[in-house]
Structures are given as structure tokens and as C-alpha cells.
Amino acid sequence: MAIIQRIDLLFSFSFFVLLMRPCCSQTDKLLPGQLLKDGDELVSAFGNFRMGFFSPDGSENRYLGVWYYRPTDPSVLGGYNSKRNKPVWVANRNNPILDKSGSLAIDSNDGNLKILLNGGNPIVITSVKAEGNTSATLLKTGNLVLYEMNSDGSERLELWQSFDYPTDTLLPGMKLGINLQTGHEWFLQSWISDISPAQGSYTLGIDPNVSNQLIIRWRGDIIYWIKGIWLNGEFDFLGLVSDGYNFSYVSNEHEKYFNYSASETITSFPELRLTADGLRGALSVHCLHEIQCVSVSVNVKRPRCRKDFSKFEYKYGFMNGDGFKFKESDNMTLSDCKVKCFQNCSCVAYASINESNDTGCEIWSSGTKFTETSFTDDHRIIFMAREAKEKKWWLWLIVAIAAAIGETMLCLMCYLARRKYKGEVEKKQMSLAIAVGTALLIPPLCYLCYLICRKLKAKSGKHCESTKAITRTWR
């Protein structure tokens, strides 16, 4: 009997060990000789961050990234889920992997982090000089750090950290600014589209001319948004009121930067993300389980012909005619295409050329017809400019003229009626009043007629002018 009880106890203990094995096998370190294969993950201390390979929604390309671990059910162990785990850092954003053959490793020759591929050159993640063995650790902050190790395996020197090379997201502890000694800049750069983390058109960083101010640039040089002077311990645009967050600005002879921290009592997933929305851009602080707490609208100078930013809607179909295609070398995103169409008064529709990643740009001028199809047919996603309802100003003009004429006729009838029964002196006074009133009424009526003629003339020549504007190229 005692033997049977021991066997049962041993079986129960073995079963418990098997259940606990996935938890015990989690690690936050990558050591020399180890591989982080596609499907494997590094897990930070306390489990808030994961690092592994992922594919954005709508794409089969693979990338190495770090994301918040946000399980819908705390009891469920799972990998990357694009619905709740958008990456906060991407290692190979401009070098996608076409299959699942990628593996992260530490090069035995130089100690650098590299993604190894089947039948291809490795993708280099770090380029540092190490005197001994190195190891990589995913910290509880989401920072991936490469360390130089002592002979006993302990960490001796920090060689590289991912926080120095942010992508589109600022986590607590990251910096936005410049290292005055090395010239290295810390800035955010948007994704090129929602399905590709490649470098996009928008960057967020400190203004080099006014160091305590944040700016967003569009395509490198054009200042897209300026706001956020650091005053009284905060940037005036943020407006995030919470006891758990601390925003700070540091300026000394070594560096100038802005960052923020979150206390350990914060149970949400704080992040400041630069999106690729284009006309409405695109700075947001997320907190409290993905609820957007702060959103900063970024506006492009609006042409007089455009009355509303939201006058574009997507439809399935095709345009009956070729539009103007921008060069591939322009590396335009869908949001860039929207801006170009929006700023061109003759543009009635736009679309991306490469729908696989929403890049490239083609725009169409007025006069090009659109044929709508169903989603199941051979189609293309076209963004159409919705015409604003034209104000019926001319109706009000006609009403005003009719009222003026009616009032004049009424006055004339009253005058004739009174003249029939009044004396000569009063007749002369009323004649003078009628003459003065007529003299005052005629100039406004003439001016109104002039406005009508000018409006009709401008409307007739509008199409001729619009056909010339569509040939403008990227500047």
C-alpha cells in the first residue's frame, strides 16, 4: 500500500512539474550560442513585455519586435496578437523577413545581435565593439540591452540599448532629444502604413532651434506641426492629468531631452505613439487599457477650395482613365497621397499604387469618371473626394432683388394713391423722395448683377484651369 501511495505521489508531482514547465522555461536573456527562433519569445521581468517575431495585420512579412503583453484572459498563455499587441519597437523595420526562417542570435565573432536567415545574409541589429562575450536582456521597461560580460557570466558593461533607437512609440524612460557630445538624436518616426513598420513620413523630436519645444516634421524638412513649449514642469499640449505620470525636460552640457515616467502603481500600458494618419496627425498618449487619453490634432494648411478635412471616402471600383502617378523614388505613403490630393483643388480621387503595403500614389483630376463595383469583383480601393453641398447663394440674391423691387413698387403705388388726393406742395415733396430712393436703390442692384456675372464667368472657366494643375510634380 505504501508503494502505491508513493507511486501516486510521484505521478502527481511529475504532472505538476509538467504543468509548470512553460512558466519556468520563460527567460528574459539571450546568451551566446542560443537562438531565439520564430515562435520563441523573451519575456521581461513581471511579464509586461514580450519580444519575438510578428506579422502586422494584412502582411505575411516577419519582423522582430517588442510589444506589451495584454492577454484578454490572464490564464491564457499566447504569443503575438495584432489586435491587442501592436509593437512598441521593431528591430528590422526596413528589412522584412519573407518567411519564418529568422532567428535572433549573438554573433560568436564580434558579439553583436543579428537575425540569421536561411540562404541569406544576416540582418545586423547592433554594431558595437566588445572585448569579451556578450548577452542580451529584455528589461522590465521594454528596453532590450546588450551587455558585455565578465568571465564569471555577470554583466559588466552596457554596450547598446534599444531605447536609443525608438521607432514610432515613446515608452516611459525613452528620450526625445539630442546627445550634444555624440550628436546622436532620439526621435520617433511613424510607420509607412498600418501594415508596414518601415520608416514613414513623419518624425517627432525636439526643435533644434528651440530646444524646449517639440515639433513634427513631414518628409524630413517640412515642419508639419509646432507646439509644446516646456513651461512650469509640463508641455502645454499634453494636458494629461494623473498622479502616476511624471513628465520632465533635461538640459545640460551633455544632452537635452524630454521623457516621462510612470509609477509602479500604474496598471495600464502607457505609450506615446506617432501615427501615420496624414492630414490628421498624430500624436497620442494611450493609457487605461488602450483608451486614448490625449490626442493632438495636426493640421495642414487648407486650400480655399477645400472646406472640410473629411471630404474623402473610400469606394471599391476603378477610374475610367489613367491618373497622374508620382515616382516610385518619392516613396510616398497613402497619407502623403491624401495630402497631395487635398492640396490640389483639381484632384477628385487618389489611391495607392502598391496595395500590398499602401505605398505609391496616383491621383485623378475632375472629369475622370468612376465605376463602382462590389467587394467581390475585381476592384481597387479608390478614395473619392465628396463634393461639398454648394450654398444656394444665388437664391438668396434673387429673393433680395425681388424684395427690393416689390418694396419699390409698393412705395410707388402708395405714392400714386396719395398724389391723387394731396395738394401740389406735397406732390413735389413725394416726387423728390421717390427720386432719392430710386437713386439709392439702383447702385446696389447694379453691384448685385455684377457679382452674378462674375460668379458665372468663374464657374465656366474652372474646368479649364483644373486640367493644368494636375500636371504638377513633387517638389
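Higher on the page you've got the structure.
Note that the structure is predicted; figures quoted are calculated from it, not measured.

Q: I'm lost on unusual backbone geometry in this one. Help?
A: For residues that are not glycine, phi is negative in most cases, and the peptide bond is trans in most cases. The residue Phe46 is not glycine, and still its phi comes out positive at about 75 degrees. Since its relative accessible area comes to 71%, Phe46 is described here as exposed.

Q: Please clarify how the side chain of Ser101 should be interpreted in this entry.
A: Mapped onto the elements of the fold, Ser101 is located in the loop between strand S6 (89-90) and strand S7 (103-106). Ser101 sits in the buried class, given a relative accessible area of 16%. A polar contact of 2.5 Å, which involves the side chain of Ser101, links it to the side chain of Asp99. Those residues within four positions of Ser101 in sequence are excluded, and the remaining contacts are Leu116, Leu117 and Asn118.

Q: Looking at this structure, how should I read the pattern of salt bridges?
A: Close approach of charged atoms allows side chains with opposite charge to pair. The full count for this structure, using the stated rule, is 11 salt bridges. Glu255 is the salt-bridge partner of Lys175, the closest N and O atoms lying 3.3 Å from each other. Residue Lys175 is found in the loop between strand S13 (169-170) and strand S14 (176-179), and its partner Glu255 is found in strand S23 (residues 255-262); the two are separated by 80 residues along the sequence. Classification of Lys175 as partly exposed rests on a relative accessible area of 22%. One salt bridge in this structure joins Lys315 and Glu313, with 3.9 Å as the shortest N-O distance. Residue classification places Lys315 among the partly exposed residues on the basis of a relative accessible area of 26%. With a relative accessible area of 31%, Glu313 lands in the partly exposed category.

Q: Which parts of the structure should I look at to understand the sheet that holds S23?
A: Hydrogen bonds along the backbone pair up the strands of a sheet, which may run parallel or antiparallel. Taken together, four strands build an open sheet; the order of strands is S15-S14-S23-S22 and the sheet is antiparallel. With partners counted over all chains shown, the strands left at the sheet margins are strand S15 (185-186) and strand S22 (245-251), one partner each. Judged from the two bridges that link them, S14 and S15 form a sheet pairing that is antiparallel. Along S15, the bridge assignment pairs Ile178 with Glu185.

Q: Please explain the sheet that holds strand S1 (residues 29-30) as it appears in this structure.
A: One open sheet accounts for four strands, arranged S1-S10-S11-S12; its pairing is antiparallel. Strands with a single pairing partner mark the edges of an open sheet, and in this sheet they are S1 and strand S12 (155-161). As defined by bridge partners, strand S11 (residues 144-149) adjoins S12 across five bridges and the pair is classed as antiparallel. Pairing of Tyr147 across the sheet is with Glu158, part of S12.

Conventions adopted
- Residues numbered from 1 in each chain as written.
- Predicted model: local features only at pLDDT ≥ 70, side-chain atom pairs only at ≥ 80, totals over all residues.
- Heavy atoms only, no water.
- Buried < 20%, exposed > 50% of the residue type's maximum accessible area, 1.4 Å probe, protein only.
- Helix = DSSP H or I, 4+ residues; strand = E, 2+ residues; numbered from the N terminus.
- Polar contact = N/O pair within 3.5 Å; in protein donor to acceptor, adjacent residues only side chain to side chain.
- Contact = heavy atoms within 4.5 Å.
- Salt bridge = Lys/Arg side-chain N within 4 Å of Asp/Glu carboxyl O.
- Pairing = 2+ DSSP bridges.

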